[in-house]
Amino acid sequence: MIEVLLVRHGRPVSRVHNPGLAPEGIADARKLATWLRHEKIDAIVASPLVRARQTAEELAAGMDRELDLVIEDLREWDDDISPEDYMAVEDMAPDDARLRAVADGRFEDYVPALDLPKFRARARSALAQVFDRYPSGRVVVVAHGGIINAVVADILEMPKTFWHNPAYTSIARVQKLDSGVIVVDSLNDTAHLRGTVTA
């Protein structure tokens, strides 16, 4: 069996293209690293985008490890639409249509120009690459909210690709059983952000 911990990157800075982490994002990644020190992690994998790689590197440093692998297909939809500056939802103006879509639970309206079947197929490919590379053990995969949505939607055969807003540094656990069946074990776990964890 292989267990994959799908981690959304920490909170990034806004108004730059391919941003790194904001100070809060770095702090939360370090909290998650402390939390994960209590689990046997066999590999750390990341999206190539800076915010995901930086989160993965913080996790690796906090667990006395190295980042093991970067998978291109784990990247978010940013460049699939346009090379615009990234804007965190928390930094959007109250009348921003994207913020209203998230607040109203209309997650697929956040990026209406995105080719959803193509994006979902890329997310499926990313997970398959992780399973092919690591047939057993426990692997942390640092990616993005859209990718996590698409991966879980695909496993659960959901009609919508975007259906929830994962918290920064949240964990969704997915398992591929020895039978080959893929199951979702948990979603949007942020226990590491709610209390003090000692190493």
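Residues numbered from 1 in each chain as written. Predicted model: local features only at pLDDT ≥ 70, side-chain atom pairs only at ≥ 80, totals over all residues. Heavy atoms only, no water.

Participant: Now, about the side chain of D28: what can you tell me, with residues and values included?
Facilitator: Tracing the chain through its elements places D28 in helix 1 (residues 23-36). Other than its neighbours up to four places away in sequence, D28 contacts T169, H192 and L193. (Helix = DSSP H or I, 4+ residues; strand = E, 2+ residues; numbered from the N terminus. Contact = heavy atoms within 4.5 Å.)

Participant: Explain the environment of V89 to me, using residue names and the numbers behind them.
Facilitator: Its place among the elements puts V89 in the loop between helix 3 (78-81) and helix 4 (97-103). Look past the residues within four positions of V89 in its chain and what remains in contact with it is L99, Y110 and Y168.

Participant: Quick rundown of the pattern of salt bridges? Include the residues and the values.
Facilitator: As enumerated under the stated definition, the model contains 21 salt bridges in all. Note that R75 is salt-bridged to D73, the shortest N-O span being 3.9 Å. Note that D96 is salt-bridged to R98, the shortest N-O span being 2.8 Å. Assessed through its relative accessible area of 17%, D96 is described here as buried. Look at R98 and you get partly exposed, because its relative accessible area is 28%. (Salt bridge = Lys/Arg side-chain N within 4 Å of Asp/Glu carboxyl O. Buried < 20%, exposed > 50% of the residue type's maximum accessible area, 1.4 Å probe, protein only.)

Participant: Quick rundown of unusual backbone geometry? Include the residues and the values.
Facilitator: Unlike most non-glycine residues, R15 shows phi in positive territory, near 70 degrees. Here R15 lies in the loop between strand 1 (2-8) and helix 1. With phi around 55 degrees, D64 is a residue other than glycine that occupies positive phi space. Its place among the elements puts D64 in the loop between helix 2 (50-62) and strand 3 (69-70).

Participant: Can you explain the pairing of strand 4 (residues 137-143)? Please cite residues and give values.
Facilitator: Burial runs high along strand 4: 5 of the 7 residues are buried. With 7 bridges connecting them, strand 1 and strand 4 associate as parallel partners. Opposite V7, over in strand 4, you have V142 as the bridge partner. (Pairing = 2+ DSSP bridges.)

Participant: Hey, could you go over a nonpolar patch on the surface for me, with residue numbers and the actual values?
Facilitator: On the surface, M1, L177 and V181 cluster together into a nonpolar patch covering about 230 Å² of accessible area. Relative to the helices and strands, M1 is located in the segment before strand 1. Exposure remark for M1: the relative accessible area of 40% places this residue in the partly exposed category. (Patch = residues over 30% accessible without salt bridge, like charges linked within 9 Å, V, L, I, M, F, W, Y side chains within 5 Å. Areas by Shrake-Rupley, 256 points an atom, 1.4 Å probe, with all protein chains shown as cover.)

Participant: Residue-level account of the pairing of strand 1, with values.
Facilitator: Taking burial as the measure, the 7 residues of strand 1 include 7 buried ones, the bulk of the element. Residues I2, V4, L6 and R8 of strand 1 are buried on one face, and the alternating residues E3, L5 and V7, pointing to the opposite face, are buried as well. Summarising the sheet, strand 1 and strand 5 (residues 171-176) pair through 6 bridges and their orientation is antiparallel. Along strand 5, the bridge assignment pairs E3 with Q175.

Participant: Go over the packing of aromatic side chains with me, naming the residues and quoting the values.
Facilitator: Scanning the model with the defined rule gives 2 aromatic pairs in all. Ring centres of W77 and Y110 lie 5.9 Å apart, and the angle between their planes is 65 degrees; on these two criteria the pair is classed as edge-to-face. Taken together, the residues span a long stretch of sequence, with W77 in the loop between strand 3 and helix 3 and Y110 in the loop between helix 4 and helix 5 (116-133) at a distance of 33 residues. Relative accessible area serves as the criterion here: at 18%, W77 is assigned to the buried category. Aromatic pair F119 and F162: ring centres 5.6 Å apart, planes at 70 degrees, arrangement edge-to-face. Residue F119 is found in helix 5, and its partner F162 is found in the loop between helix 6 (145-155) and strand 5; the two are separated by 43 residues along the sequence. The two residues F119 and F162 agree in class, both being buried. (Phe/Tyr/Trp six-rings, centres within 6.5 Å; stacked < 30°, edge-to-face > 60°.)

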